[in-house]
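Structural characterization, general
Here is what each chain is made of, one letter per residue.
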Amino acid sequence: MQLVIVESPAKAKTIEKYLGRDYRVLASYGHIRDLPPKDGSVDPDNGFAMEWETYGDKARQLKAIADEAKKADRLILATDPDREGEAISWHVQEVLRKRKALPKEVERVTFNAITKGAVTEAMAKPRQLDEDLIDAYKARRALDYLVGFTLSPVLWRKLPGAKSAGRVQSVALRLIVDREREIETFRAQEYWSVFADLEQDGTQFQARLVRWKGDKIDRLTIGKAGDAEAAKAAVEAGRFTLVSVETKPLTRNPPPPFTTSTLQQEAARKLGFSASHTMRVAQNLYEDGAITYMRTDGVQMDGSAISAARAAIANRYDGSYVPDKPRQYQTKAKNAQEAHEAIRPTDFGRDQAGSGDHARLYELIWKRALASQMASARLERTTVELEDGTGQTALRATGQVVLFPGYLALYEEGRDDADDEESRRLPRLSQGDAPLKKAVHAEQHFTQPPPRFSEASLVKRLEELGIGRPSTYASILQVLKDREYVRVERNRFLPEESGRLLTAFLERFFERYVSYDFTAGLEEELDDVSGGRAQWQAVLDAFWRDFKPKTAQVMEQKPSDITAALDEFLAPFLFPPKADGSDPRLCPNCGQGQLGLRGGRFGAFVACSNYPECKFTRRFAQGGGEDGANDNGDVALGQDPATGAEVFRKTGRFGPYVQLGDGKEAKRASIPKDIGELDLDWALRLLSLPRTIGPHPETGAPITASIGRYGPYLAHEGKYARLASTAEVFETGMNAAVAKLADAAKGGRPQRGAAREPLRVLGPHPRTEAEIRLMEGRFGPYVTDGTTNATLPKTVAPEALTLEEAAQLLDARAAAGPAKKKGRGSAKKAPAKKAAPKKRG
């Protein structure tokens, strides 16, 4: 008997079906062991020796693997064809070796697709474990551990309220914060555009002003309304004749098939998928045998796949859509390995796979891969220029005509910032034509700051800088969101207060380690380890020799010195120059003290130097803009019409809130982030909560709407339903409320009280896509996907739990099978002393 080990049970079932009776295929359910989260797991003084610990929830699966291995003649390690897959195989081998269950013959096989042909071909070409890839895994894992366990204690002691900092995540966070700084310092500039609506032979088109009074007009030339009106009048008064027609042929070549990063980018643009969701769906498509392996930075396709693609194109279109020679691509990524093929369908004759999001992502992959082997598109770009009789005023129109669509007949790549002026259609024009002028417009514009990063543009930027690897982008972004260093609004990343403060701390005290060049250089060194060009302990030693003394140096500094340094570093953000030239640090409350950064138990804030006489405070996140400068935490919004009591907007340690009246009995309500500008009306509505919608039509018990620790919700007889926004708290009617409560009840999550709200929603399960929630139970925290519950091991802190860890706990619990149900006459638990079982009456 031959034992084959893969990661997932879905792969195990498929592969066992392909291989036949002589093979037993078992799943490891991902990684089986890791460095325990404690000091000493990596020993820099002993050649960076590592102490590995098997996951407690993998005990049953490891026993099953060991039992089968003892009976096997041969062990075939068939985990994913990348560094992580190599590491999982190595861990399995080492655990079996320690248990003295390792067969004499151990081999490694990899396949790029889960099809019968790919699997059987791989089985015929086994190899040994790649020690270079294993060393690269050890180096990365040790490096991330050393950074986390050395830097995090510094953060906890010197930066109140800070969480841990990851090596690559911190650099990605810096990109987001740097972009926010650019936006804050950006000063909009007014400009005007003048254009005319023209018509020729019944076809309308637009032409913009490019010359006025004999001078060339650029985008920012016309900066005032008066000049714009004068230019508009000149265009209205002139009779314009076509003086030149310039036509240029244009060829557009198809983009290469997807890599991991380009798939994440395009799925974000076209399908609205997050990077993590894209990878989950792609993983399922790969395990179903629909696509090749989805973690790759290679853009090339196998020769047989290229031939299949060309045949599929010929069947779908005529011969002109198939280029004379197959297309060969080379990646431009800074740190590309090109170890695998690009992401492509396993069968080009199959244009659909799965349903829902799976079908949409498959279609995107299929179209991109097929288009990559299609003929180029041929276009004609036309530019026409028109002048008035004086020659002092000129208009220009640009457009293009598709002569032959080529690959564009199937697929066109999305763009983050599309400028479609050149894609406009123009009528056929000849020199001397005088198109009909129908209208002239003058439009005001303002220059725009650089856009905040979307998931697509952030992944693209990380790849351009050579930071991170294809398999890590999704987890990098997810960690930033899970730790609440960033938030996502309208699919764009905004840094949270904690993320901004952490970045400032790292830039000020650990600048080298959040430098883009240093991080990219370290990635290249780690890639050298993968390629056998560098020794992994030497790379770690070079890093550790500088990093360890630096952390010790920062740890010795007083918290007050740290705060003072951050106060100076953050001054442009916290205390920007004022338009009137007054002192930006002058306290707006007492008019005498100086504002400065302070550290407290719950994070950083700005306070007056005259404390305790002056109790002015401002949240760190407000910065030093006009709103922040006028906010002393005690702003009167007006009077409550019902009671005549004053309503205040205040700021406390947990953020802004509104208060009705004074004293300990005063009513208070937190201010949600999604209400926009706060006024008296909004304050009174928040203070009026909970809102009673009315009696439930079936029970007669009241249904209420309010805002809790986890956001807006409905409540009825101890059962709850989430609401999407604060506005819904005040707008949801009886019919909608009853429907939402019924939907929540169908989800199998009845709650007896507020404590039954999730502690955290971790996200969709990587394999089943069921929502995973972290709950507080009678016997401690646990995770659930609505079907399976899994208790958290005591070694796992609830606040540090990741989505993948939760998924592994649930997978292991599901694999163990349902708990045995006790009969009416069975005892709840076997007592220490044998006693007659108590029967339930």
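Further up the page is the structure itself.
Notes on the structure follow. Note on numbering: residues in each chain are counted from 1, in written sequence order. With the structure being a predicted model, the display of local features is reserved for residues of pLDDT at least 70 and the display and counting of side-chain atom pairs for 80 or more, all residues being used for whole-chain, interface and lining totals. Computation of side-chain values: all heavy atoms of the structure, hydrogens and water removed.

**Focus: the overall build of the chain**
- When helices and strands are counted, the chain shows 23 helices and 32 strands.
- Here's how the labels work: a residue is buried when its accessible area is under 20% of the maximum for its type, exposed when over 50%, partly exposed in between, all with a 1.4 Å probe on protein chains only. With 841 residues in all, the chain has 48% of them scored as buried.
- Should any heavy atoms of two residues lie within 4.5 Å, those residues are counted as being in contact. Restricting to contacts in the chain with at least 6 residues of sequence separation, those with at least 24 account for 65%. The numbering of helices and of strands both runs from the N terminus, where a helix is a DSSP run of H or I of at least 4 residues and a strand a run of E of at least 2.

**A word on the pairing of strand S27 (residues 711-716)**
- In terms of burial, S27 is a largely internal element, six of the six residues being buried.
- A pair of strands is considered paired only if DSSP assigns at least 2 bridges between the two. For strand S26 (residues 702-708) and S27, the ladder comprises five bridges, and the chain directions are antiparallel. When the bridges of S27 are listed, Ile707 appears paired with Pro712.
- Here S26 folds back onto S27, and the loop between the two strands holds two residues.
- Bridge count for S27 against strand S28 (residues 719-722) is four bridges, and the pairing is antiparallel. Counterpart to Tyr713 in the pairing with S28 is Arg722.
- In textbook terms, the turn of a hairpin is the stretch between consecutive antiparallel strands, and for S27 and S28 this stretch comprises two residues, one of which, Glu717, has a positive phi near 50°.

**Side note on the environment of Phe510**
- In this structure, Phe510 sits in the loop between helix H14 (497-509) and helix H15 (516-530).
- Phe510 gets classed as buried once you look at its relative accessible area, which sits at 2%.
- For Phe510 and Thr551, which are 41 residues apart along the polypeptide, the C-alpha to C-alpha distance reads 8.3 Å.
- Ignoring any residue separated from it by four or fewer positions in sequence, one finds Phe510 in contact with Leu151, Phe505, Phe547, Lys550, Thr551 and Val554.

**Some thoughts on the sheet that holds strand S1 (residues 2-6)**
- Taking strand neighbours across the sheet as the criterion, the four strands line up as S2-S1-S7-S8 in an open arrangement whose pairing is parallel. Both outer strands of the open sheet, strand S2 (23-27) and strand S8 (105-108), are each paired with one neighbouring strand and no more. In this sheet, adjacent strand axes meet at a mean angle of 20° when their direction is disregarded.
- Across four bridges, strand S7 (residues 74-77) lies against S8 in parallel orientation. Bridging from a neighbouring strand, Leu77 pairs with Arg108 of S8.
- Relative to the sheet, helix H1 (residues 9-19) contacts S1 and S2, its axis offset from that of S2 by approximately 170°. Note on geometry: axes are lines fitted to C-alpha atoms, helical ones only across the stretch in contact, with angles between N-to-C directions running from 0 to 180 degrees.

**Overview of the nonpolar core**
- With 160 residues, the main nonpolar core has Val4, Phe111, Ile291, Leu361, Phe505, Phe510 and Leu566 as its most contacted residues.
- In terms of residue count, helix H5 (residues 131-158) provides more of this core than any other element does, twelve residues in total.
- Ala683, Phe730, Leu741 and Ala744 belong to the second largest nonpolar core, which has 23 residues in total. We define a nonpolar core as any set of buried Ala, Val, Leu, Ile, Met, Phe, Trp, Tyr and Cys residues linked to one another through side-chain atoms lying within 4.5 Å.

**So, the state of the cysteines**
- Disulfide: a pair of cysteine sulfur atoms within 2.5 Å of each other. Under the counting rule described, the total for this entry stands at zero disulfides.
- The cysteine Cys587 is free of any disulfide, with Cys614 supplying the nearest cysteine sulfur at 3.6 Å.
- According to the relative accessible area criterion, Cys587 is buried, its value standing at 2%.
- Exposure remark for Cys614: the relative accessible area of 4% places this residue in the buried category.

**Considering the sheet that holds strand S30 (residues 771-777)**
- Ordered in space as S29-S30-S31-S32, the four strands form an open sheet in which the pairing is antiparallel. Single-partner strands in this sheet number two, and they are strand S29 (760-764) and strand S32 (789-791). Strand-to-strand twist in this sheet, taken as the mean axis angle between neighbours without regard to direction, amounts to 25°.
- Summarising the sheet, S29 and S30 pair through four bridges and their orientation is antiparallel. Across the sheet, Pro764 pairs through a bridge with Glu771, a residue of S30.

**Structural notes on the packing of aromatic side chains**
- For Phe, Tyr and Trp, where Trp contributes only its six-membered ring, two rings pair if their centres lie within 6.5 Å, and the inter-plane angle classes them as stacked under 30 degrees, edge-to-face over 60, or tilted in between. Going through the model one piece at a time under the given rule, you end up with 17 aromatic pairs.
- Among the aromatic side chains, those forming a connected cluster through ring pairs are Phe505, Phe509, Phe510, Tyr513, Phe518, Phe543, Trp544 and Phe547.
- Think of it as a cone above the ring: NZ of Lys or CZ of Arg counts as a charge over the ring if it is within 6 Å of the ring centre and within 35 degrees of the ring normal. Over the aromatic face of Trp90 sits the side chain of Arg33, whose NZ or CZ is 5.4 Å from the ring centroid.
- Residue placement shows Arg179 over the ring face of Phe453; its charged tip is 4.2 Å from the ring centre.

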